[in-house]
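# Structural overview
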Amino acid sequence: MGEQPIFSTRAHVFQIDPNTKKNWVPTSKHAVTVSYFYDSTRNVYRIISLDGSKAIINSTITPNMTFTKTSHKFGQWADSRANTVYGLGFSSEALLSKFAEKFAEFKEAARLAKEKSQEKMELTSSPSQESAPGDLQSPVTPESINGTDERVTPDAESRAHTPSSHTPGSHTPGSHTHSSHTAELNAVPFPHSSTSITKHWEAELAALKGNNAKLTAALLESTANVKQWKQQLAAYQDEAERLHTRVTELECVSGQTAGIKTQKTELNQTIEELEAELRAKEEELEKLKEEVENADRLQAQRDSLAQKLQDTQLRNADLETRLSLLEERLENGRMEDESFRKSLRTILELLDGKILELTELRDSLSKLIS
């Protein structure tokens with residue numbers, strides 16, 4: 001089946017700044033699709049995110065990874081293979097929690113898969129590793145050195161009882177099994193003197209010690225070669241993993257062309273909507289700026305009118321004071337005028353009386369004259 005997406009969500013993608021190792025650097029201008037992929041052929045889980053045709057996340061989940069929630073809507077994890085730290089910003093806390101649950105689930109699945117693969121490798125390599133040391137160590141047993149090994153094969157027994165069947169130097173150097181040593185010892189004509197027996201056993205012991213040293217050196221060399229082969233195998237596996245990851249990435253990119261086009265269309269529509277909203281916000285901002293400027297002007301006018309009103313109120317109070325004084329003076333003048341009029345009326349009454357008296361006096365004088 002190959003690699004298939006098993007869970008997808010949308011988030012803003014960030015990577016840690018490689019220079020400062022503190023600041024986050026956005027790798028996408030807007031929210032993108034972040035998916036979990038499962039490769040059934042290799043039993044591997046990966047997190048992949050594409051921004052157009054560029055893979056901004058390509059992280060293989062390993063058992064030692066940890067997804068950490070650093071806020072209500074932000075989480076991060078470190079990828080030692082990519083030598084970076086990825087960060088995801090979600091639109092809600094529920095999406096973050098769901099992504100974290102899937103991360104823990106697939107991390108546990110990756111751990112179980114790794115344990116199974118290690119068990120298979122151990123079962124595959126254990127028979128060959130156990131057989132080689134056994135063959136190498138068999139000639140250096142105490143029984144072989146002391147010449148008391150009683151495990152003799154039927155072929156060796158027949159050669160021991162039949163001297164003509166012994167062929168010197170017929171055993172293979174480096175193998176030296178217990179049966180071949182016993183056969184050679186039994187095939188050698190038994191000497192009759194103790195000196196010859198001692199020399200014979202000393203020579204045999206020296207030969208066994210030499211073989212033991214050779215076998216020990218061969219064992220050490222084999223162990224070193226095994227370690228070297230394991231290192232080379234690990235390097236080959238890492239290289240194969242890297243190449244497979246690259247191939248899978250390319251296959252993912254090529255296989256998701258239709259999806260990418262659909263996402264690109266959706267993203268273009270989203271960008272257009274966001275641009276329209278941005279233009280509307282800019283127009284609204286311009287209107288708000290104009291309203292603020294108008295409000296500033298109105299505030300200045302209000303302050304000026306308030307000052308004028310205050311001045312007018314002061315002038316009005318002054319005028320009212322002066323008006324009160326004028327009214328008081330007018331009242332005083334009116335009272336004086338009334339008093340003056342009364343005096344004039346009194347004087348007129350007196351004049352009328354005097355005029356009347358003069359008139360009577362004139363009449364009287366006129367009568368006297370006539």
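Let us look at the structure shown here. (Residues numbered from 1 in each chain as written. Predicted model: local features only at pLDDT ≥ 70, side-chain atom pairs only at ≥ 80, totals over all residues. Heavy atoms only, no water.)

## A few points about a nonpolar patch on the surface
- On the surface, a nonpolar cluster with roughly 550 Å² of combined accessible area is contributed by Phe 340, Leu 344, Ile 347, Leu 348, Leu 351 and Ile 355.
- Assignment of secondary structure puts Leu 344 in helix H6 (residues 257-369).
- Of the residues examined, Leu 344 reaches a relative accessible area of 36% and is grouped as partly exposed. (Patch = residues over 30% accessible without salt bridge, like charges linked within 9 Å, V, L, I, M, F, W, Y side chains within 5 Å. Areas by Shrake-Rupley, 256 points an atom, 1.4 Å probe, with all protein chains shown as cover. Salt bridge = Lys/Arg side-chain N within 4 Å of Asp/Glu carboxyl O. Helix = DSSP H or I, 4+ residues; strand = E, 2+ residues; numbered from the N terminus. Buried < 20%, exposed > 50% of the residue type's maximum accessible area, 1.4 Å probe, protein only.)

## What to know about a negative patch on the surface
- There is a patch of like negative charges on the surface, built from Glu 282, Glu 283, Glu 286, Glu 290, Glu 291, Glu 293 and Asp 296.
- Along the chain, the position of Glu 282 falls in helix H6.
- On the accessibility criterion, Glu 282 (44% relative accessible area) is partly exposed. (Lys, Arg positive; Asp, Glu negative; His and termini not counted. Charge placed at Lys NZ, Arg CZ, Asp CG, Glu CD.)

## Observations concerning the packing of aromatic side chains
- Taken as a whole and judged by the stated rule, the model has 14 aromatic pairs.
- Ring geometry for Phe 67 and Phe 103: centres 5.5 Å apart, planes at 35°, overall tilted. Here the residue Phe 67 occupies a position in the loop between strand S5 (54-60) and strand S6 (68-69), and Phe 103 occupies one in helix H1 (residues 93-137), the gap between them amounting to 36 residues. Each member of the pair Phe 67 and Phe 103 is classed as buried. (Phe/Tyr/Trp six-rings, centres within 6.5 Å; stacked < 30°, edge-to-face > 60°.)

## With respect to the nonpolar core
- The biggest cluster of nonpolar side chains holds 23 residues, and the ones touching the most others in it are Tyr 36, Ile 47, Ile 57, Trp 77, Leu 88 and Phe 99.
- The dominant element in this core, judged by the number of residues it contributes, is H1, at 6 residues.
- Excluding residues within four positions of it along the chain, Ile 57 makes contact with Val 13, Ile 47, Ile 48, Ser 49, Trp 77, Tyr 86 and Leu 88. (Core = buried A, V, L, I, M, F, W, Y, C linked by side-chain atoms within 4.5 Å. Contact = heavy atoms within 4.5 Å.)

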